[in-house]
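Fold and geometry: a report
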Amino acid sequence: MNFEFFIARRIIAAKDYKSSISAPIIKIAITAIALGIVMMLVSIATGVGLQKKIREKVSAFNGDIIISNFDTNMSNDSQIPISKNQDFHPNFTSVAGVDHIQITASKGGVIRTETDFEGVVVKGVGTDYNWQYFEDFLREGRLPDYSNGLNAEVLISQYLANRLELQLGDKIVTFFLNDDTSKAPRSRGFDIVGIYNSGFQQFDEQFVIADIRHIQRLNKWEDDQIGAFEVFVEDFDNIVPIGNAVYNQTSSTLDTQTIRDKYGSIFEWLDLFDFNIALIIGIMILVAGINMITALLVLILERTQMIGILKALGSSDWSIRKVFIYNAMYLIGVGLFWGNLIGLGLLFAQQQFKLFPLDPDTYYVTEAPVYLDMGYVLALNAGTFVLCLFMLLIPSYIIAKISPVKAIRFE
């Protein structure tokens, strides 16, 4: 039988334990641990969720790595074509970690209606285009189908549809500048088959998704000429080394750019979330630990006579310290239980019912995204438990300073 555990269990089960002087302090300590876990779970789930959601939206419109011509300017308009007949297309097997590669081409234009007009970027895509993200963004209609002959199907954003008062099934006329500026702009008629909303207004207000063959004809390109390659990686955390490897495996006439470089300000802002999450975790664990130290000291003070009697009966200091550490482990466990119950409950509710909206102009999303993974939940609980317990080892040393004679007389 574990003598120390037996004594600790009897102390916890005792009726006077719940009505003692230490009871309010114990409740405060448990509450501090519970609130700390709630704050840490929410900060990690929403912080990592926001990072992943924004990164996915940027990737949806650009890929993770863009391969383009060195001579192309910094606009979204594909100026000088490149051949799609490259060693790395259609399968980029020479670089580990590449998941998918697709061809694109973009051209600036103006959508004109009877009452209004709006500048857009028509992004041409082919049969190899990854529609995974737009399946999530789709609000009305369906995704375009470019697997057969050239067609006029396009996907526009809800922002543009509302601004231009367009609906599913409407036909739109888009005007494109002619290479010879002395000639009238050329026009193309498109059919709206789908309306998407990514929540990222910077992209929603620009992009119309169309068949790449329209861009090739407008620019008078050959069938094998495109504007850029978009590369997707398996693990975004490795985008920098993969980007360098992709650069080394492409022709000297081609440039590669990761979205971390192209949208540096966005990703620098996202990187700040890591510091904020670490700061919140550190503060919460410190607060929970201080409260547990206070509770332990009060428990020791309240059980001074018991400590004296155990010492008089021959118990070692470490044996008595273990009694109170077992007691503290129970309190930490109670706090973790309620903290996880409340924290995970809130996060599941946010996932299902979108209780907390966000301003898309500031956060690029319409509601607080939640990323849940049992790995970080278990690690967070284990880390909190171990750190709080470690912080209790030093104050429990006060037991060694208690004299049995004085302790037994203590009132």
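This is a predicted model, so every value here is computed, not measured. Note on numbering: residues in each chain are counted from 1, in written sequence order. Owing to the predicted nature of the model, reporting of local features is limited to residues with pLDDT of at least 70; listing and counting of side-chain atom pairs is limited to 80 or more, with chain, interface and lining totals taken over all residues. Hydrogens and waters are ignored; side-chain quantities use all the structure's heavy atoms.

Thoughts on the pairing of strand S1 (residues 65–69)
Think of it in three bands: residues with accessible area under 20% of the maximum for their type are buried, residues over 50% are exposed, and the middle band is partly exposed, with areas taken using a 1.4 Å probe on protein chains only. Labels follow the DSSP assignment, with helices taken as runs of H or I lasting at least four residues and strands as runs of E lasting at least two, numbered in each case from the N terminus. Across the five residues of S1, five count as buried, placing the element largely inside the fold. Strand pairing is assigned whenever DSSP identifies at least 2 bridges connecting the two strands. In this sheet, strand S11 (residues 228–233) lies alongside S1 in antiparallel orientation, the contact comprising four bridges. Its bridge partner lying in S11, Ser68 is registered against Ala228.

Brief notes about the nonpolar core
The biggest cluster of nonpolar side chains holds 70 residues, and the ones touching the most others in it are Trp131, Phe134 and Ile156. Filtering out sequence-adjacent residues up to four positions away, Ile156 remains in contact with Ala161, Leu166, Ile172, Ile192, Gly194, Ile195, Tyr196 and Val208. The nonpolar core is taken to be a set of buried Ala, Val, Leu, Ile, Met, Phe, Trp, Tyr and Cys residues, with the residues joined through side-chain atoms within 4.5 Å. Residue contacts follow a heavy-atom distance rule, with two residues in contact if any of their heavy atoms lie within 4.5 Å.

Description of the packing of helix H10 (residues 264–302) against helix H12 (residues 317–353)
Helix packing for two helices is described by the angle between their axes and how far apart those axes are. Interaxial angle, 0 to 180 degrees, is taken between N-to-C directions of lines fitted to C-alpha atoms, where a helix line uses only the stretch in contact. Following both chains from N to C, one finds H10 and H12 inclined at 135°, their axes separated by 11 Å at the closest point. The orientation of H10 relative to H12 falls into the category oblique. As H10 packs across H12, the resulting crossing turns out to be right-handed. Residues Met292, Leu296, Leu299 and Ile300 of H10 form the contact with H12, whose participating residues are Phe324, Asn327, Ala328, Leu331 and Ile332. Looking at side-chain class alone, the contact of H10 with H12 contains eight nonpolar, one polar and no charged residues. Should an angle lie under 35 degrees it is considered roughly parallel, over 145 roughly antiparallel, and from 65 to 115 roughly perpendicular; all remaining angles are considered oblique. Two helices cross in a left-handed way if the nearer one is turned anticlockwise from the farther one by less than a right angle. They cross in a right-handed way if the turn is clockwise. When residues are sorted by character, Ala, Val, Leu, Ile, Met, Phe, Trp, Tyr, Cys and Pro go into the nonpolar class, Asp, Glu, Lys and Arg into the charged class, and all the rest, Gly among them, into the polar class.

Brief notes about the packing of aromatic side chains
Under the pairing criterion, centres of Phe, Tyr and Trp rings, with the six-membered ring standing for Trp, must be within 6.5 Å; the plane angle then separates stacked pairs below 30 degrees from edge-to-face pairs above 60, leaving the rest tilted. Tallying each qualifying case throughout the model produces 25 aromatic pairs. Consider the rings of Phe236 and Phe267, whose centres lie 5.7 Å apart with planes at 20°: the pair is stacked. Note that Phe236 is positioned in the loop between S11 and helix H8 (239–248) and Phe267 in helix H10, a separation of 31 residues in sequence. Each member of the pair, Phe236 as well as Phe267, is classed as buried.

What about helix H11 (residues 304–312)?
Within the sequence span of H11, burial applies to Thr304, Met306, Ile307, Gly308, Leu310 and Lys311. Positive phi appears at Gly314, one or two residues downstream of H11, with a value of about 105°.

Topic: the environment of Ile290
Mapped onto the elements of the fold, Ile290 is located in helix H10. By relative accessible area, which is 45% here, Ile290 ends up partly exposed. The sequence separation of Ile290 and Ala152 amounts to 138 residues, and the corresponding C-alpha distance is 66 Å.

A few points about a negative patch on the surface
In this scheme, patches are assembled from residues that exceed 30% relative accessible area and form no salt bridge. Like charges are connected within 9 Å, while nonpolar side chains (Val, Leu, Ile, Met, Phe, Trp, Tyr) are connected within 5 Å. Per-residue and other accessible areas follow the Shrake-Rupley method at a 1.4 Å probe size, with only the shown protein chains counted as cover for residues. Put simply, a salt bridge is a Lys or Arg side-chain nitrogen that is within 4 Å of an Asp or Glu carboxyl oxygen. We treat Lys and Arg as the positive residues and Asp and Glu as the negative residues; His and chain ends play no part in the count. By convention, the point assigned to a charge is CZ for Arg, NZ for Lys, CD for Glu and CG for Asp. A cluster of acidic side chains, namely Asp99, Glu234, Asp235 and Asp237, defines a negative patch on the protein surface. As for its placement among the helices and strands, Asp237 is situated in the loop between S11 and H8.

Geometry only, nothing functional implied.
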